[in-house]
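Fold and contact review
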Amino acid sequence: MLNKIIEVKVEEMKNFVLPEQRQDYKIVSLYDALSSPNRSVGLIAEVKKASPSKGIIRKDFNPLSIATDYVYAGADAISVLTDAPFFQGSKEYLSQIKEAVDVPLLRKDFIVDNRQILESKHLGADAILLIGEVLEPSRLVEFYIEAEELGLECIVEVHSIETIEKLLKRFTPKIIGINNRDLSSFQTSIEQTEVISSYIPPESLIVSESGIFTHADIEYVKEKGADAVLIGEAIMRKQDVVLAIKELFGENAHV
């Protein structure tokens, strides 16, 4: 599945046109938001309509309404899927949400070309995702530096010990995402956070991604070293996303 996604993404780049920057968006620091979260662990809430493994996750999908509800519910940041073929996302969602909220926005996509980095800034992203299982270490570092020069932050995502070890030989990312989903089989296990977190230096913030569905899951990954969680499906499947977030954090259900 990952190989197929990357093939399509590379093909898309053949017809790439850089969008005009709508305005000089103010960049909000994802690192700062996750360093001082609203709760004991940071929350990156994801605006997500569908996925390759689950199909349509939310039929009544209004990205702007969802994003503003996320802010109301105390999300520290919002992840916006911009991939269209596999996740039914849109680049437009990112710009629309940027103009409506003041929390940092992560552009969730498969970055395979450095032109996507400037594109992300033009769309209103505050941070981008760089996937260790997609990019060679030298290329990932190059993209990371280029993003920083544009004022963007990065979540460097890894799924295996092998990948994190290769990357740490070159540099120490400020934010490291541990993907609990196997990108080959798309199966998830939050135990992956425990497996990889011990290899991550203390100066890096750890974000546990995928497979988090309950308050117990959040408590587990927090205990295993996660500073923040990235959650999409568990929230998006609930009609009331504010209530869903409160339930995930074991808070009073009344909103």
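I will try to describe carefully the structure that is included in this document.

About the thresholds
Residues numbered from 1 in each chain as written. Predicted model: local features only at pLDDT ≥ 70, side-chain atom pairs only at ≥ 80, totals over all residues. Heavy atoms only, no water. Helix = DSSP H or I, 4+ residues; strand = E, 2+ residues; numbered from the N terminus. Buried < 20%, exposed > 50% of the residue type's maximum accessible area, 1.4 Å probe, protein only. Areas by Shrake-Rupley, 256 points an atom, 1.4 Å probe, with all protein chains shown as cover. Lys, Arg positive; Asp, Glu negative; His and termini not counted. Charge placed at Lys NZ, Arg CZ, Asp CG, Glu CD. Arc of directions from axis to C-beta. Contact = heavy atoms within 4.5 Å. Phe/Tyr/Trp six-rings, centres within 6.5 Å; stacked < 30°, edge-to-face > 60°. Lys NZ or Arg CZ within 6 Å of the ring centre and 35° of its normal. Polar contact = N/O pair within 3.5 Å; in protein donor to acceptor, adjacent residues only side chain to side chain. Expected span 1.5 Å × (residues − 1). Axes fitted to C-alpha atoms, helices over the stretch in contact; angles between N-to-C directions. Parallel < 35°, antiparallel > 145°, perpendicular 65-115°, else oblique. Left-handed = near helix turned anticlockwise from the far one by under 90°. Salt bridge = Lys/Arg side-chain N within 4 Å of Asp/Glu carboxyl O.

1. Focus on the overall build of the chain
Scanning the chain for helices and strands turns up eleven helices and ten strands. Considered along the principal axes of its C-alpha atoms, the chain spans approximately 50 × 40 × 35 Å. Going through the 255 residues of the chain one by one, you find that 55% of them count as buried. Carbon and sulfur atoms make up 47% of the accessible area of the chain, which amounts to about 11,200 Å² in all. Measuring between centres, the 28 positive side-chain charges of the chain sit 4 Å from its 41 negative side-chain charges.

2. What to know about helix α9 (residues 215-223)
Looking at α9, one finds that the buried residues are Asp217, Ile218 and Val221. Taken around the axis of α9, the buried residues stretch over an arc of 100°, which confines them to a single face. In this structure, α9 carries Ala216 and Glu223 as exposed residues pointing more than 90 degrees from its buried face. The inward-facing, buried residues of α9 abut α8 (191-197), β9 (205-209), β10 (228-231) and α11 (241-248). Gly225 lies just past α9 and shows a positive phi near 115°.

3. A word on the packing of aromatic side chains
Within the structure shown, the criterion is met by three aromatic pairs. It is Arg39 that lies over the ring of Phe249; its NZ or CZ is 4.6 Å from the centre. Directly above the aromatic system of Tyr31 lies the positively charged group of Lys174, at a separation of 4.4 Å from the ring centroid.

4. Brief notes about the side chain of Thr163
Position of Thr163 among the secondary structure elements: in helix α7 (residues 161-168). Within the structure, the side chain of Thr163 is placed 2.8 Å from the side chain of Ser160, a separation counted as a polar contact.

5. Points about helix α1 (residues 2-13)
Along its twelve residues, α1 runs 17 Å from first to last C-alpha, staying within 8% of the 16 Å computed at 1.5 Å per residue. Its buried side turned inward, α1 meets α5 (115-123).

6. Some remarks on the packing of helix α3 (residues 63-72) against α11
Their axes nearest at 9 Å, the elements α3 and α11 cross at an angle of 40°. In terms of orientation, α3 and α11 fall into the oblique class. The hand of the α3/α11 crossing is right-handed. Judged by residue contacts, Ile66, Asp69, Tyr70 and Tyr72 of α3 engage Val241, Val242 and Ile245 from α11.

7. A closer look at the pattern of salt bridges
Applying the stated criterion across every chain, the model contains 18 salt bridges. Here Lys166 and Glu162 are joined by a salt bridge, their closest N and O atoms 3.6 Å apart. Residue Lys166 and its partner Glu162 are located together in helix α7, separated by four residues, close to a single helical turn. Arg237 is paired through a salt bridge with Glu233; the nearest N and O atoms lie 2.8 Å apart.

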